[in-house]
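# Summary of structural features
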Amino acid sequence: AALREGYERFEPRAYLHNNYLPPRADFSSEDFVVPWKLRCLAETFASVGTRSTPKGAQPHFPVGTRLIPTGSQFHVPAGARLTPAGCQPRRLSRRRREPWQTKERRLRSRLRRILPIDVPRPPPLGAPLQPPADAVLSAFCLEAVSPDVGAFARALGHVASLLRPGGHALLLGALGESFYLAGAARLPVVPLAEGDVRRALSDA
């Protein structure tokens, strides 16, 4: 009920303003949240055999890779860190950045399809994905649509079913977070501990 009520008051423009404009998205330093998250993503993609751009802000998969962003999932080997070890804030280089219009055109040229997804229900796309995805990305998604830890684990399993055997999944989120803001809407998030995420990944 709290989830439904919150999303009825969700304001997309306010959400983008809160999270993707300064100060949170200040690109003058990686002490700020958004550039730090982008570098974490780039370094994680690089660690599974992909490459990142020199700026570290736009991860690339090999040609032919089917990436399904929803987002969320990542197989974590025993003893692995949930955050890339080298992912610490550092000063950005001062090289000239591309205009946002150029980045938008490049992104649009690479998108194949946008698929609606219902992560609490199996199968989340309404039918099995054929062929399965090579990679799945979840960014602050599953914990924001799950009322409790059990629902989070089930949603993770549903999304993991989209992957081919040996495929990669990546979770980006904040441990312990209990809400986020989108204008007047205060949206609940299930607060997760690292152990909750590891158990869900093992079961998925």
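Since the model is a prediction, treat every value here as computed from it, not as a measurement.

## Some points on the packing of aromatic side chains
Summed over the entire model, instances satisfying the criterion amount to four aromatic pairs. Their ring planes at 35° and their centres at 5.9 Å tell us that Tyr7 and Phe10 sit as a pair that is tilted. For Tyr7, a relative accessible area of 31% corresponds to the partly exposed category. For the pair Phe10 and Tyr15, a centre-to-centre distance of 5.8 Å together with 40° between the ring planes defines the contact as tilted.

## Regarding the pattern of salt bridges
Any two side chains of opposite charge can pair if their charged atoms end up close together. Summed over all chains, the structure comprises six salt bridges. The shortest N-O distance in the salt bridge between Glu104 and Arg108 comes to 3.5 Å. Placement of both Glu104 and Arg108 in helix H4 (residues 100–110) is noted, with a separation of four residues, approximately one turn of the helix. Glu104 sits in the partly exposed class, given a relative accessible area of 33%.

## Overview of helix H3 (residues 33–47)
Its 15 residues place the ends of H3 21 Å apart at the C-alpha level, agreeing with the 21 Å of an ideal helix rising 1.5 Å per residue. Those residues of H3 that fall on the buried side of the exposure criterion are Val34, Pro35, Lys37, Arg39, Cys40, Leu41, Ala42, Thr44 and Phe45.

## Describing helix H6 (residues 194–203)
In an α-helix, one turn spans 3.6 residues, which is why side chains three or four residues apart end up on the same side. Along H6, the residues that are buried comprise Asp196, Val197, Ala200 and Leu201. One face of H6 carries all of its buried residues, which in axial projection span an arc of 130°. Facing away from the buried surface of H6 by more than 90 degrees, the exposed residues are Arg199, Ser202 and Asp203. Turning to H6, the residues buried within the fold contact helix H5 (149–160) and strand E5 (163–172).

## Section: the pairing of E5
Taken together, the six bridges between strand E4 (residues 133–139) and E5 define a ladder with parallel strand orientation. Across the sheet, Ala139 pairs through a bridge with Leu172, a residue of E5. On the question of chirality, the crossover connecting E4 to the parallel E5 by way of H5 is right-handed.

Rules used in this analysis
- Residues numbered from 1 in each chain as written.
- Predicted model: local features only at pLDDT ≥ 70, side-chain atom pairs only at ≥ 80, totals over all residues.
- Heavy atoms only, no water.
- Phe/Tyr/Trp six-rings, centres within 6.5 Å; stacked < 30°, edge-to-face > 60°.
- Buried < 20%, exposed > 50% of the residue type's maximum accessible area, 1.4 Å probe, protein only.
- Salt bridge = Lys/Arg side-chain N within 4 Å of Asp/Glu carboxyl O.
- Helix = DSSP H or I, 4+ residues; strand = E, 2+ residues; numbered from the N terminus.
- Expected span 1.5 Å × (residues − 1).
- Arc of directions from axis to C-beta.
- Contact = heavy atoms within 4.5 Å.
- Pairing = 2+ DSSP bridges.
- Right-handed = clockwise from strand over helix to strand, strands pointing away.

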